[in-house]
Amino acid sequence: ISAPGAGAAAITYQQGSAYEPGLSERAYDVVFCRLVLCHLQEPAKAVAQMARLLRPGGRLVLVDMDLRDIFTMPPCPSYQAYVDECVIPYETKIKVDYSVGRRLPQLVLDAGLVPDTVLVEQPTFRSGPEKHLWEKTWTFALQRAVPEGVVTMERGTQLIADMEAHT
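What this report covers is the structure whose coordinates are included nearby. Quick caveat: nothing in here was measured; it's all calculated off a predicted structure.

**Brief notes about the nonpolar core**
Soluble globular proteins tend to bury their nonpolar side chains together.
(1) Moving on: Formed by 38 residues in total, the largest nonpolar core has its most connected members in Leu37, Met50, Leu62, Tyr82, Tyr98 and Trp138.
(2) Moving on: Breaking this core down by element, the ones donating at least two residues are strand 1 (28–34), helix 1 (43–53), strand 2 (54–63), helix 2 (77–94), helix 3 (104–110), helix 4 (133–145) and helix 5 (153–166).
(3) Moving on: Counting residues per element, this core draws most heavily on helix 2, which supplies seven residues.
(4) Moving on: Residues in contact with Leu37, not counting those within four places in the same chain, are Pro43, Ala46, Val47, Met50, Leu62, Asp64, Val100 and Leu104.

Here's what the structure looks like:
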């Protein structure tokens, strides 16, 4: 890590709980949250807490996803089947929103802030280990989805095998 340039300050990192940060209010220039809200039952409460941490003029940076809009090129029906048969039932069962990314501007407004930039990005990988992100993620997720009764191990494993063969 290099020293900050002229006029720049060193960065100090701190972590806090999404719902009860335990950090000083109105004390931070930047609050950054990446791929957390989609795992929370009350993302609006977390965004409101993050907004309270900002100094006047501070920036809240939220990065999250819309898992229902994933795709492959060329298309693979097993990806959509996994979303329909596993992801949506699981998120419903555990009361989270894997598509919270769609709602980020409204969550920011509801927290009393005004979003100045909204960027939606859907990464697509042509090759390399990143191309298999979802198969790896969902293989791990099956360990939780199966006991919750949203899919059988056999069906989930078959869909993932179909995805791997496709990619």
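**Quick word on the side chain of Glu91**
(1) Moving on: Mapped onto the elements of the fold, Glu91 is located in helix 2.
(2) Moving on: If near-sequence neighbours (up to four positions away) are discounted, Glu91 is found in contact with Arg68, Val96, Asp97, Tyr98 and Ser99.

**Some words on helix 1**
(1) Moving on: Within the span of helix 1, buried status applies to Pro43, Ala46, Val47, Gln49, Met50, Ala51 and Leu53.
(2) Moving on: At its buried positions, helix 1 is contacted by strand 1, strand 2 and helix 3.

Calculation criteria
All residue numbers refer to positions counted from 1 along the written sequence of the respective chain. The predicted nature of this model means local features are confined to residues of pLDDT at least 70 and side-chain atom pairs, given and counted, to a pLDDT of 80 or more, with totals for whole chains, interfaces and linings taken over all residues. Derived side-chain values reflect all non-hydrogen atoms in the structure, with water molecules and hydrogen atoms excluded from consideration. Here the nonpolar core consists of buried residues drawn from Ala, Val, Leu, Ile, Met, Phe, Trp, Tyr and Cys, with membership extended through side-chain atoms lying within 4.5 Å. Only protein chains enter the accessibility calculation, which uses a 1.4 Å probe. A residue is then buried if its area is under 20% of the maximum for its type, exposed if over 50%, and partly exposed in between. Put simply, DSSP H or I for four residues or longer makes a helix, DSSP E for two residues or longer makes a strand, and each gets a number counted from the N terminus. By definition, residues are in contact when any of their heavy atoms lie within 4.5 Å.

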